[in-house]
Amino acid sequence: MKPTKCRVEERGTEDDRNPNPKPFTSLTTPPPAMESLGVLLTFPANSYLEEELNKRCKLFRLWETPPENWRQFLRANAGSIRALVGNSTVGADAEMIDALPALEIVASFSVGLDKVDLAKCRERRIRVTNTPDVLTDDVADLAIGLAIATMRRICEADRYVRSGAWNAKGDYKLTSKFSGKTIGIIGLGRIGLAIAKRAEAFDCPISYYSRSEKPQTNYKYYSSVVDLAANCHILIVACALTEETRHIVNREVMDALGPKGVLVNIGRGPHVDEAELVSALIEGRLGGAALDVFEHEPHVPEQLFGLENVVLVPHVGSATWETRKEMADLVLGNLEAHATNKPLLTPVL
């Protein structure tokens, strides 16, 4: 249970195998089983989720307690907490789970499960759910938007106009075309496929790396990330974060992508060796980067701030009103299903 600054956000993974969830229908009066359910909320959620949890359950807000006092807070309330709602910043690690002997379910406000100790949950027979499908479109939209913004230097061009440089210096410099560029995708799960579908509309050839070749696609498969990077213009990271995929984009991959290549990361920050990324961009060994996620969020290497070929956004892949409500409804629906002994909507364990 490592204290960390709370933040609201989530991301998809290559391993989303859950069936399509049924929508959660909000009830005016929660069932009695929900009213007695003690829920630990680990992060400052959007107002809808927090209000609904507070209305339906006995809510414990971990994030209102300073991190140095978390252990004391958990000891004082451990007997009452039967459910935990976490996100991609503060989930349920082994220490957190050990501190909650009455814990029955972890409902993640996230698709990715890298902040949940699944082995520990399996050992304790703790149910685990996540929020698949509902954020796929938003994250895929952002991936394409970031790629275009980087290739066409949209953010830099915006600053050029705002600074008065257009009037003072004349037309902005030429940039690179996005349409027709070869797109390489690391991880062809739900989000990876959604990115590919969007890129095809721009006449972009698609290739991908995955743990195994996908039989139902016509996209070119590479069994090596280095080979994929060497044969694409834009490399998009969209896989699950595991020990095997940590720093899957390393110096060798960046050098293969090359001085005209662009890296887009909408997966997880630790997928990319951030120190090597900074060096590759400064030294000109990599053409550009667009990042929605960072290795040590919310901290971002200051060396990136002054680079014109970099687009930075603060982990906003699923951050739309529509998607966050759908994610919240899945969390609420899973908690209600658990409390009333009904099948979970999106079970992981």
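As the structure is a computational prediction, the values presented were derived from the model and not from experiment.

1. Quick notes on the overall build of the chain
Across its full length, the chain carries 13 helices and 12 strands. In summary, the chain has a C-alpha radius of gyration of 21 Å against a globular reference of 20 Å for 349 residues, a match within 12%. Expressed along its principal axes, the backbone C-alpha trace of the chain runs to roughly 65 × 50 × 35 Å. Within the chain, the fraction of its 349 residues that count as buried is 54%. By sequence separation, contacts in the chain at least 24 residues apart represent 65% of the contacts at least 6 residues apart. Just so you have it, the chain exposes about 16,000 Å², and 50% of that area is on carbon and sulfur atoms.

2. Remarks on the sheet that holds strand β12 (residues 310–312)
Strand order in this open sheet of seven strands is β8-β7-β6-β9-β10-β11-β12, and the pairing throughout is parallel. The open sheet has two edge strands, β8 (220–222) and β12, and neither has a second partner. Sheet twist, expressed as the mean angle between neighbouring strand axes with direction ignored, is 15°. In terms of strand pairing, strand β7 (residues 206–209) meets β8 through three bridges, oriented parallel. The residue bridging S207 from the neighbouring strand is K220, located in β8.

3. Remarks on the confidence of the model for the chain
Confidence in the prediction for the chain averages 92 pLDDT; 92% of positions are at 70 or higher. A low-confidence stretch, residues 3–23 stays under pLDDT 50, and its non-local contacts, those more than four residues away or across chains, total 101 contacts.

4. Concerning the pairing of strand β6 (residues 183–186)
Covered by surrounding structure in β6 are I183 and I185 together with G184 and I186, the residues of both alternating faces. Here β6 pairs with β7 via four bridges, running parallel. Each residue of the ladder has a partner; that of I186, found in β7, is Y209. In this view, the connection linking β6 to its parallel neighbour β7 by way of helix α9 (residues 190–200) has right-handed handedness. Sheet topology note: the β6/strand β9 (residues 234–237) ladder contains four bridges and is parallel. Among the inter-strand pairings, I183 is bridged to a residue of β9, identified as I234.

5. Here's the deal with the packing of aromatic side chains
Under the criterion given, the structure shown has four aromatic pairs. For the pair F178 and F202, a centre-to-centre distance of 5.1 Å together with 80° between the ring planes defines the contact as edge-to-face. Taken as a pair, F178 in the loop between α8 (165–169) and β6 and F202 in the loop between α9 and β7 lie far apart in primary sequence, 24 residues in all. Overall, the relative accessible area of 29% leaves F202 in the partly exposed class.

6. Points about unusual backbone geometry
Keep in mind that most residues, glycine aside, have a negative phi and that most peptide bonds are trans. With an omega of 5°, the peptide bond between E297 and P298 qualifies as cis. The residue P298 is located in the loop between β11 (288–291) and β12 in this model. Residues other than glycine seldom take positive phi values, yet R153 does so here, at roughly 55°. Checked against the element boundaries, R153 lands in the loop between α6 (136–151) and α7 (154–162). At N341, a residue that is not glycine, the phi angle is positive and equals roughly 60°.

7. Re the nonpolar core
Ranked by internal contacts, the top residues of the largest apolar core, which has 58 residues, are L49, L53, V85, I195, I266 and L335. At nine residues, the largest contribution of residues to this core is made by α6. Apart from the residues within four sequence positions on either side, L335 is in contact with M34, L37, V39, L53, A83, V85, I105 and A107.

8. Comments concerning the environment of T346
Along the chain, the position of T346 falls in the segment after α13 (321–339). By relative accessible area, which is 0% here, T346 ends up buried. Spatially, the C-alpha atoms of T346 and N54 are 22 Å apart, while their sequence positions differ by 292 residues. A polar side-chain atom of T346 sits 2.6 Å from the main-chain carbonyl oxygen of N130. A polar side-chain atom of T346 sits 2.8 Å from a polar atom in the side chain of N334.

Thresholds, definitions, all that
Every residue gets a number counted from 1 within its own chain, in the order that chain's sequence is written. Side-chain atom pairs in this predicted model are given and counted only at pLDDT of 80 or more, local residue features only at pLDDT of at least 70, and totals for whole chains, interfaces and linings cover all residues. Side-chain measures were taken over the full set of non-hydrogen atoms in the model, leaving aside hydrogen atoms and water. The secondary structure listing takes helices from DSSP runs of H or I that are at least 4 residues long and strands from runs of E that are at least 2 residues long, numbered from the N terminus. Radius of gyration here is computed from C-alpha atoms only, and the compact-globule reference equals 2.2 Å multiplied by the residue count raised to the power 0.38. Categorising residues by exposure relies on relative accessible area from a 1.4 Å probe, with only protein chains included: less than 20% of the type maximum marks a residue as buried, more than 50% marks it as exposed, and the intermediate range marks it as partly exposed. Residue contacts are counted whenever heavy atoms from the two residues lie within 4.5 Å of one another. Only the protein chains shown count as cover for residues, with accessible areas throughout obtained via the Shrake-Rupley method and a probe of 1.4 Å. Pairs of strands are assigned from DSSP output, requiring at least two bridges between the strands. For every element, the axis is a line fit to its C-alpha atoms; helices are fit only across the contacting stretch, and the angle between N-to-C directions ranges from 0 to 180 degrees. Residue-level confidence of the predictor is summarised by pLDDT, bounded by 0 at the bottom and 100 at the top. Seen with its strands pointing away from the viewer, a crossover is right-handed if its path from the first strand over the helix to the second goes clockwise. Think of it this way: a Phe, Tyr or Trp ring, Trp meaning its six-membered ring, pairs with another when their centres are within 6.5 Å, and the plane angle makes it stacked under 30 degrees, edge-to-face over 60, tilted otherwise. For this analysis, a nonpolar core means a set of buried residues of the types Ala, Val, Leu, Ile, Met, Phe, Trp, Tyr and Cys, connected via side-chain atoms within 4.5 Å. Pairing of N or O atoms within 3.5 Å defines a polar contact, subject to two protein rules: one partner must be a possible hydrogen donor and the other a possible acceptor, and residues neighboring in sequence count only if both atoms are side-chain atoms.

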